Amino acid sequence: VAVGVLLAGQVAVIGRSVQLASSAAAIKAMALGVLVHSRPSFEELAKVNHVVLKKTGVLTRGHNSVGRIHLARNTSIGTESELLALAASVEMGTSHELGHLIIQEAAKRGLELPQVSDFAPIPGLGVSARFDGSLVQVGNAGMVNVTGVNINPYDLFQVSTAYDEGSSVVFVSIDELLVGYIEFPDELRANSPQAIIDLSGKIAITVLSGDATALVEKITKKLGLSEFAAEVLSTRQADWVKERRGSGSKVLLVADGHYDAAALAEADVALAFGAGHSVHLESAKLIQVSQDPLVIPRLLALSKKVQSRTLGNIIVGLVLSAALMAAGFAGFSTPAIPLIGLVASWLLIRRVARLSR
């Protein structure tokens, strides 16, 4: 009877080791710079076969300032300051990150903003307003393509040069004629190439962005990748993720916890990269406080290690328990049997606890 009670206790200890593994993994993840708000989400990481990485702010440092300001050929705008002030006035009607930078730059220069009216968002593309009876549009390359903005070949060349340098571009048009464009410099994070190397060969990787195809393709090639999705409207990115899941992929999306909340909510596992904005916890149960892309492959490796070690412990523990119980029932009622079981349980739990180191 004593043998049976002790061995039953051993089985219970093995069961508790599963919970211990989750706690140890959470501690290790925190050491990596990741807050785990959902144990199931962390466990799902081990099943991921497709990592989707947002370009801006994840693989790159993100936009922190306005770069060069260009007046288009044959523009009706007199100076760069006039162009910036007009763009800032129109961007008052948006909540986009680049719009905020334009407004901040205009304020920094002490510019007086012209009066505009009839603000109207162009979903996923930009924003429009009326100025002196004319339609002013401020937005991305998609806006230029969709609304048919007329661009001089010289300006196309200048924009291409900006993309080659890694900058995003915001276009300003009046009555569907380009009058100027503003660059927003960006660059790869130092550890992005190594993060891609660590992920490659083990899992499918896609770079997702709303930026122009030429820019996203250049960044992707620098990283040695071929799969990317460019000019995906912010309003469409959640559907894009949902479509990947529908095709059989187990998707981990690494994106901004604020601007990309809708897309994060559609992923199998959502990792909010960085903590610069308030994170929507209902859409992202894993929060990466660190801004190091190398954390992503390390977190995936940790999840697989936890799953492997936990499963191995359960199998070994149950097999050993069954063997010792069988020995006890067969008449080998020696004190060594429960002692062996207890020592084995301690070793298994210690093996799990080491995950936190």
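A few points on the structure.

What counts, and at which threshold
Residues take numbers from 1 onward in each chain, read along the sequence in its written order. Local features in this predicted model are restricted to residues whose pLDDT is 70 or higher, and side-chain atom pairs enter the listing and the counts only when it is 80 or higher, whereas totals over whole chains, interfaces and linings include all residues. Hydrogens and water molecules were not included; the side-chain quantities draw on all heavy atoms of the structure. Nine residue types can take part in a nonpolar core, namely buried Ala, Val, Leu, Ile, Met, Phe, Trp, Tyr and Cys, and a core is a set of them joined through side-chain atoms within 4.5 Å. Type-normalised accessible area, obtained with a 1.4 Å probe on protein chains alone, sets the label of each residue: buried when under 20%, exposed when over 50%, and partly exposed for intermediate values. Any two residues whose heavy atoms approach within 4.5 Å at even a single point are treated as in contact. Here, a salt bridge means any Lys or Arg side-chain nitrogen found within 4 Å of an Asp or Glu carboxyl oxygen. Put simply, DSSP marks the helices as runs of H or I at least four residues long and the strands as runs of E at least two long, and each gets a number from the N terminus on. Between any two strands, at least two bridges found by DSSP are needed for them to pair. Note on handedness: a crossover is taken as right-handed if, strands pointing away from the viewer, the path from the first strand over the helix to the second is clockwise. Under the convention used throughout, the expected extent of a helix is 1.5 Å for every residue step, that is, one less than its residue count. In this analysis an axis means a line fitted to C-alpha atoms, helices contributing only their contacting stretch, and an angle means the value between N-to-C directions, from 0 to 180 degrees. When an angle is under 35 degrees it counts as roughly parallel; over 145 it counts as roughly antiparallel; between 65 and 115 it counts as roughly perpendicular; any other value is oblique. Throughout, a crossing is termed right-handed when the near helix is turned clockwise from the far one, and left-handed when it is turned anticlockwise from it by less than a right angle. Directions are taken from the helix axis to each C-beta atom, and the arc is the one they span. Nitrogen and oxygen atoms within 3.5 Å of one another constitute a polar contact, given that in protein one can donate a hydrogen and the other can accept it, and given that sequence-neighbouring residues count only through two side-chain atoms. Patch rule: a residue counts if its relative accessible area is over 30% and it has no salt bridge; like charges are joined within 9 Å, and nonpolar side chains (Val, Leu, Ile, Met, Phe, Trp, Tyr) within 5 Å. For accessible areas, the Shrake-Rupley method is used with a probe of radius 1.4 Å. Any residue's cover is judged against the shown protein chains and nothing else.

## Details of the nonpolar core
Counting residues in each nonpolar core, the largest one holds 50 residues, and the members touching the most others are L45, L53, F171, L252 and I296. What I296 contacts, discounting residues up to four positions off in sequence, is L53, V58, L199, L252, V254, L271, F273 and Q288. Among the nonpolar cores identified, the runner-up in size contains 25 residues, and A88, V170, V172 and I174 belong to it.

## Describing the pattern of salt bridges
Scanning the entire structure with this criterion turns up 15 salt bridges. The partner of E44 in a salt bridge is K250, and the shortest N-O contact between them spans 2.9 Å. Within this pair, whereas E44 is found in helix α2 (residues 39–44), its partner K250 is found in the loop between α10 (237–246) and β11 (251–255), the two being separated by 206 residues in sequence. Residue K250 is classed as partly exposed on the basis of its relative accessible area of 25%. The residue R244 makes a salt bridge to E243 at a minimum N-O spacing of 3.9 Å. Three or more residues are tied together by salt bridges with common partners; here these are R236, D239, E243 and R244.

## Quick notes on the pairing of β11
Among the five residues in β11, five count as buried, and that is most of the element. Alternating positions in β11 separate into two faces, V251, L253 and A255 on one and L252 and V254 on the other, with burial throughout. Strand direction decides the pairing type here: strand β2 (residues 50–54) and β11, joined by four bridges, are parallel. In the strand pairing of β11, V51 is matched with L252. The pairing of β11 with strand β12 (residues 269–273) spans four bridges and is classified as parallel. Counted as the bridge partner of L252 is V269 from β12. Traced from β11 through helix α11 (residues 261–266) to β12, the parallel crossover comes out right-handed.

## Considerations on helix α5 (residues 97–108)
Residues that lie three or four places apart on an α-helix share one face, since the helix turns once every 3.6 residues. For α5, with 12 residues, the first-to-last C-alpha span of 17 Å sits near the 16 Å given by 1.5 Å per residue. Buried within α5 are the following residues: L98, G99, L101, I102, I103, E105 and A106. Elements that come into contact with the buried residues of α5 comprise α4 (80–91), β7 (168–174) and β8 (177–184). Directly beyond the C-terminal end of α5, a positive phi value near 70° is found at G110.

## A few points about the pairing of strand β9 (residues 204–208)
The buried fraction of β9 is high, at four of five residues. In the sheet, β2 pairs with β9 via five bridges, with the strands oriented parallel. Looking at the pairing, V52 lines up with T206 of β9. Where β9 and strand β10 (residues 228–229) come together, two bridges link them in parallel fashion. For V207, the partnering residue across the bridge sits in β10 and is F228. In terms of handedness, the path from β9 via helix α9 (residues 213–222) over to β10 forms a crossover that is right-handed.

## With respect to the packing of α4 against α5
At their nearest, the axes of α4 and α5 sit 9 Å apart, and the two run at 130° to each other. Taken together, the axis directions place α4 and α5 in an arrangement best described as oblique. Remark: the crossing between α4 and α5 carries left-handed chirality. Across from L84, A87, A88 and E91 in α4, the residues of α5 making contact are G99, I102, I103, E105 and A106.

## Examining helix α7 (residues 153–164)
Between its first and last C-alpha, α7 extends 17 Å over 12 residues, near the 16 Å set by a 1.5 Å rise per residue. Within the sequence span of α7, burial applies to D155, Q158, V159, A162 and Y163. Here the buried residues of α7 occupy an arc of 145° about the axis, which is enough to place them on one side. Seen from the open side of α7, the exposed residues pointing more than 90 degrees away from its buried face are P153 and F157. Residues of α7 that are buried sit in contact with β3 (69–71), α6 (141–147), β7, β8 and α9. The N-capping residue of α7, defined by a side-chain oxygen 2.8 Å from the backbone nitrogen of Y154, is N152. Just past α7, the residue G166 takes up positive phi, approximately 90°.

## Points about a nonpolar patch on the surface
Together, M30, L35 and V289 line one region of the surface with nonpolar side chains, adding up to about 260 Å² of accessible area. Position of M30 among the secondary structure elements: in helix α1 (residues 2–32).

## Examining the sheet that holds β10
Strand order in the open sheet formed by seven strands is β1-β13-β12-β11-β2-β9-β10, with mixed pairing between adjacent strands. Among the strands making up the open sheet, the edge pair consists of β1 (34–36) and β10.

## Examining the environment of N64
Tracing the backbone through its elements, the reader meets N64 in the loop between α3 (55–59) and β3. Residue classification places N64 among the exposed positions, given a relative accessible area of 63%. C-alpha separation for the pair N64 and P185, spaced 121 residues apart in sequence, amounts to 7.9 Å.

## Topic: the side chain of S173
Here S173 shows up in strand β7. Classification of S173 by relative accessible area gives buried; the value is 1%. Once residues within four sequence positions are removed from consideration, S173 is found in contact with L135, V136, Q137, M143, V149, L178 and V179.

No statement about biological role is implied by the geometric values presented.
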